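Okay, here's what each chain looks like letter by letter:
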Amino acid sequence: MAKTPILTLDIGSHSLKLAEFVDVRGGLEMTRYAVSDLGLDPQADTERSQYIITTIHDLVRESGCKPGPVQLAISGHSVFSRFVKLPPVEPEKVYQIIQYEAQQNVPFPMNEVVWDYQLISGATGDVDVMLAAIKSDHITELCDCVQFAGLTPTLVDVAPMSLYNAVRYNYDALPPCTLVVDIGARSTDLIFLEAGRVFSRSVPVAGNHITQLIMNEFAISFDDAEAMKKAHAYVAFGGAYEGPQSETVDKVSKSVRSMMTRLHQELNRSINFYRSQQGGQQPSLLLLSGGSSVIPYTDTFLKEKLRVETDYFNPFNNVAVAEQIPTEQIGAHACEMGQLVGLALRQLHTCPIEVNLLPPKAVEEKKFKRKLPVFALAALVALVTLFVWISFYHRLSNAMEGIRGKLESRVEELSHVERQLIEAETEVRAIAHQIDKLTTLEANRGVWRAMLGEVSGALTEGMWLTRIAPVPTLPGTPRTPDAPRAAARNPDQPAAVKGTVIAGLEIEGIGYLDKIKTSDKITEFRNQLRASDQFSDQTEIVWQPPVRPDASTLEFKILAVLEAPQEL
């Protein structure tokens, strides 16, 4: 499986450097790199953002690096750094003291800067703290430029500290005190190295001062002066040395010597400050680095002036270079690669100094990207859960549809049975009606015969009946409601088969006078009816005319009232 490359970017005031490293058995190997000038005067107030974005695009295209996470180094002159001695304090209160020292030493409101710190060893064995701070708007602008160019900043280191880590990694046996002089375009970073100690400062003397002197000497533009410096610059020999025959070369070399003289003065002051204020030693080795350090005879000049062994820093002592990179090509830019090596080490190993000035916005984006796999997994789990629920609901819906179909089929069957039951009930009611009718007829069949039997049984000899008629109602009693009205009052009750209801009998008859001498026989007949089971005591003789002299019969009419109304 291919190893993830380590992408590093050094944003200087005059040029940008991009390199790609890979981890090879715990060590570093540089596989790609590119260097390009910004193409503007660092001393001018020109807006740099567009130049930085364009240059990064060019570097990525030229080097063949794939865009991705990148670790940045920014020039030391843009960062406020301070070395502060910490008073003896309990370990749990160290951070509070560091915050207090930062508020006291950083010349900006703390809410307007991005800052970090590193604990280092002091001269007498105590603990010092290195503070590094940069204006938030400045570092945010740089990170936005890098992001706009397609790269994602994950770490922002300070160039001197990154260079310090690279020196420590590449040199196993340094003298007691070593001074690294990184001569850039706008400033020179001085880094003092002792066993377990470090001190750095930036001096405002660098390669652009040579360019400015050439511009003033020849009254030309910055680009022309820069081109002249690259073509003719070297440190002029002082004293009785004969100058070059070319007047242009002579003037350029003197401009270089003027800057180097100022740099020598700054170096002397810095060494004296380090020895007196920081308790450091006299450097016994000077390592040169930076784009302006390659000006010919720079090492010779500083060696003679400082009386210190001087050499060029080689960032590839313990770092491999891929075979596809030509040796002469990497040799021409080796002095500018130290910061890139130090940046790559931050990802590969634990370094002596680790500060990170990544702005809060980028930190939050970095944290968010770290959580993206978790979010993606959570989203996947949510989608799987949703799919499972949808599948379960679909299966449940299908099952419910099946059950619903079975229920509807069963309901249809039961409805058909219900209709059959209703039809059967109708038929049953009709049959019951017929049965009631027949039962009534059967029950009433002997009523009339029984009444006639009682009447005929009460007759005496010589008495004949001429007429018997049923009486529906007795005089003075309400009429019995008829069957249709009764059915209307109770429609749910099936209509009973009703016959003729009589309350009594109207009996007319005659008696022959040769057998019946007086009306007492008629009264006796009435009494006999009253005594029967069928008729009540209300049975009365309702008509009996007087007997005529010439009559041979005796007429009468009796209303025989039944004990209870009877249905015929």
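Just so we're clear, the structure is a prediction, and the values are computed from it rather than from any experiment.

## Description of the confidence of the model for the chain
Confidence in the prediction for the chain averages 86 pLDDT; 91% of positions are at 70 or higher. In the model, residues 480-498 has pLDDT below 50 throughout and makes 10 contacts with residues more than four positions away in sequence or in other chains.

## Details of the packing of aromatic side chains
In the structure shown here, the tally under the stated rule is 11 aromatic pairs. Ring centres 5.0 Å apart and planes at 45 degrees place the aromatic pair Phe83 and Phe199 in the tilted group. Of this pair, Phe83 sits in strand E5 (residues 80-85) while Phe199 sits in strand E11 (residues 197-203), and the two are 116 residues apart along the sequence. In this structure Phe83 comes out as buried when scored by relative accessible area, which is 13%. A centroid spacing of 5.8 Å and a plane angle of 85 degrees characterise the contact between Trp389 and Phe392, whose relative ring orientation is edge-to-face. Taken as a pair, Trp389 and Phe392 lie in helix H11 (residues 360-444) at a separation of 3 residues, close to a single helical turn. We classify Phe392 as partly exposed; its relative accessible area is 46%. One aromatic cluster is present, built from ring pairs that chain together Phe83, Phe192, Phe199, Phe273 and Tyr274. The residue whose ring lies beneath Arg201 is Phe273, and the NZ or CZ to ring-centre distance is 5.3 Å. Taking NZ or CZ as reference, Lys557 lies 6.0 Å from the ring centre of Trp543, over its face.

## What about the sheet that holds strand E1 (residues 6-11)?
Spatially, the 6 strands line up as an open sheet ordered E8-E4-E1-E2-E3-E14, and their pairing is mixed. The sheet terminates laterally at strand E8 (152-158) and strand E14 (320-321), the two strands that pair on one side only. Judged from the 6 bridges that link them, strand E4 (residues 69-74) and E8 form a sheet pairing that is parallel. If you follow Pro69 over to E8, its bridge partner there is Thr152. The sheet contacts of helix H10 (residues 338-348) involve E1, strand E2 (15-24), strand E3 (27-37), E4 and E8, and relative to E1 the element is tilted by about 140 degrees.

## Thoughts on the sheet that holds E11
Ordered by their spatial adjacency, 5 strands build an open sheet running E11-E10-E9-E12-E13, and the pairing between neighbours is mixed. Looking at which strands have only one partner, the edges of the open sheet turn out to be E11 and strand E13 (309-312). For this sheet, the mean angle separating the axes of adjacent strands, direction not counted, is 20 degrees. Alignment of strand E9 (residues 177-183) against strand E10 (residues 188-194), held across 7 bridges, turns out to be antiparallel. Each residue of the ladder has a partner; that of Asp182, found in E10, is Asp189.

## Notes on the nonpolar core
If you look at soluble globular proteins, the nonpolar side chains tend to sit buried side by side. Ranked by internal contacts, the top residues of the largest apolar core, which has 105 residues, are Leu9, Phe21, Met30 and Ile56. No other element matches the 8 residues that helix H7 (residues 247-277) contributes to this core. Excluding its chain neighbours within four sequence positions, the residues that come into contact with Phe21 are Pro5, Ile6, Thr8, Leu28, Glu29, Met30, Thr31, Val319, Leu340, Val341 and Ala344.

## Quick notes on the packing of helix H4 (residues 159-170) against H10
Taken N-terminus to C-terminus, the directions of H4 and H10 make an angle of 80 degrees; their axes are 7 Å apart at the nearest point. The pairing of H4 with H10 is recorded here as roughly perpendicular in orientation. Where H4 approaches H10, its residues Ala159, Ser162, Leu163, Asn165, Ala166, Tyr169 and Asn170 are matched on the opposing element by Gly338, Gln339, Val341, Gly342, Leu343, Leu345 and Arg346. For the contact of H4 with H10, a count of residues per class yields 7 nonpolar, 6 polar and 1 charged.

Criteria and thresholds
Residues numbered from 1 in each chain as written. Predicted model: local features only at pLDDT ≥ 70, side-chain atom pairs only at ≥ 80, totals over all residues. Heavy atoms only, no water. pLDDT = per-residue confidence, 0-100. Contact = heavy atoms within 4.5 Å. Phe/Tyr/Trp six-rings, centres within 6.5 Å; stacked < 30°, edge-to-face > 60°. Helix = DSSP H or I, 4+ residues; strand = E, 2+ residues; numbered from the N terminus. Buried < 20%, exposed > 50% of the residue type's maximum accessible area, 1.4 Å probe, protein only. Lys NZ or Arg CZ within 6 Å of the ring centre and 35° of its normal. Pairing = 2+ DSSP bridges. Axes fitted to C-alpha atoms, helices over the stretch in contact; angles between N-to-C directions. Core = buried A, V, L, I, M, F, W, Y, C linked by side-chain atoms within 4.5 Å. Parallel < 35°, antiparallel > 145°, perpendicular 65-115°, else oblique. Nonpolar A, V, L, I, M, F, W, Y, C, P; charged D, E, K, R; others polar.

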